[in-house]
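# Observations on the three-dimensional arrangement
This is what each chain is made of:
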Amino acid sequence: MTPEVASLETERLCRLAPVIPVLVIEDAALARPLAKALVKGGLPVLEVTLRTPAALDAIAEMAQVDGGVVGAGTLLSPEDVRAARAAGARFGVTPGTTDRLLDAAEAEDLPTLPGAATASEALRLYERGYSVQKFFPAEANGGVPALKAIGAPIPQVRFCPTGGVSPSNAESYLALANVLCVGGSWVVPADKLAAGDWDGIAALARSAAALPRT
Ligand code: 3PG
């Protein structure tokens, strides 16, 4: 898959909902009901971070849920890319980007949101053909003013900012011309997940899905 084709797909996914929940799953048995609650709440695109031993099994479970599109986050190596693909991930997300990671994502046909934190990183990815990127870590990098400033000289690149995005600042990010959607973990608080509070999670998803986008 070329970077250009990958970017068309990641743009399509980013337009499906204003928020991509970033999920840390310790118990794969919770994955399927969690995905159902999020999809029911209006958030079909789900990022499972490869930070727990259960993550790949969780992806495989979530891939069975109708109406959902599950991807793998925290891709750090070509091996992660291959494992994510094999588990059924339909997209990938990286916190930062290396050529080895992109080579693997392209070889595996895994449309990937590559992470960028600076104008130089964004421009380098754009040169390779990636016009849709993850801005990470968004708040620590200067947040909305920084992303707006990057958009002035490089409006061709659109972002999914992630890292410190919350209900209090999500709307400000979504109002930027170079933001397609945001990513964040607030939609699935650990206590609600552990308690199996699917109604509570669906309610948080509904609020996130209702955030206005320009
Ligand atoms: C991550 O990769 O951890 C995401 O950026 C989530 O960040 P958050 O927990 O601040 O939403």
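Here, the structure is the one placed above.
Residues numbered from 1 in each chain as written. Predicted model: local features only at pLDDT ≥ 70, side-chain atom pairs only at ≥ 80, totals over all residues. Heavy atoms only, no water.

The subject of this paragraph is the pattern of salt bridges. Inspection of the entire model under this criterion finds nine salt bridges. Linking Glu9 and Arg12 is a salt bridge whose minimum nitrogen-to-oxygen distance equals 3.0 Å. Taken together, the residues span about one helical turn, with Glu9 and Arg12 both in helix H1 (residues 3-14) at a distance of three residues. A relative accessible area of 21% means that Glu9 is categorised as partly exposed. The partner of Glu11 in a salt bridge is Arg15, and the shortest N-O contact between them spans 2.8 Å. Residue classification places Glu11 among the buried residues on the basis of a relative accessible area of 17%. Relative accessible area serves as the criterion here: at 47%, Arg15 is assigned to the partly exposed category. One salt-bridge network, in which partners are shared between bridges, spans Asp99, Asp103, Glu106, Arg124 and Arg128. (Salt bridge = Lys/Arg side-chain N within 4 Å of Asp/Glu carboxyl O. Helix = DSSP H or I, 4+ residues; strand = E, 2+ residues; numbered from the N terminus. Buried < 20%, exposed > 50% of the residue type's maximum accessible area, 1.4 Å probe, protein only.)

Two numbers describe how helix H5 (residues 99-107) lies on helix H6 (residues 119-128): the axes approach to 13 Å, and their chain directions differ by 35 degrees. Taken as a pair, H5 and H6 cross one another with a handedness that is right-handed. Counting all contacts with H5, which are made through Asp99, Leu102, Asp103 and Glu106, the residues of H6 involved are Arg124, Leu125 and Arg128. Along the lines of polarity and charge, the residues of the contact of H5 with H6 split into two nonpolar, no polar and five charged. (Axes fitted to C-alpha atoms, helices over the stretch in contact; angles between N-to-C directions. Left-handed = near helix turned anticlockwise from the far one by under 90°. Contact = heavy atoms within 4.5 Å. Nonpolar A, V, L, I, M, F, W, Y, C, P; charged D, E, K, R; others polar.)

The end-to-end C-alpha distance of H1, which contains 12 residues, comes to 16 Å, matching closely the 16 Å that a straight helix rising 1.5 Å per residue would cover. Within the sequence span of H1, burial applies to Pro3, Ala6, Ser7, Thr10, Glu11, Leu13 and Cys14. For H1, the arc enclosing every buried residue in end-on projection is 160 degrees, short of the 170-degree limit, so these residues lie on one face. (Expected span 1.5 Å × (residues − 1). Arc of directions from axis to C-beta.)

Around the ligand sit Val22, Arg51, Lys134, Phe136, Thr162, Gly163, Gly164, Gly184 and Ser185, and those are all the residues in its vicinity. A distance of 2.6 Å is found between an oxygen atom of the ligand and a backbone nitrogen or oxygen belonging to Gly164. Separating an oxygen atom of the ligand from a side-chain N or O atom of Ser185 is a distance of 2.6 Å. With the chains in place, 78% of the 320 Å² that the ligand exposes on its own is no longer accessible. (Near = heavy atom within 4 Å. Polar contact = N/O pair within 3.5 Å; in protein donor to acceptor, adjacent residues only side chain to side chain. Areas by Shrake-Rupley, 256 points an atom, 1.4 Å probe, with all protein chains shown as cover.)

Scope: geometric values only; no functional claims are made or implied.
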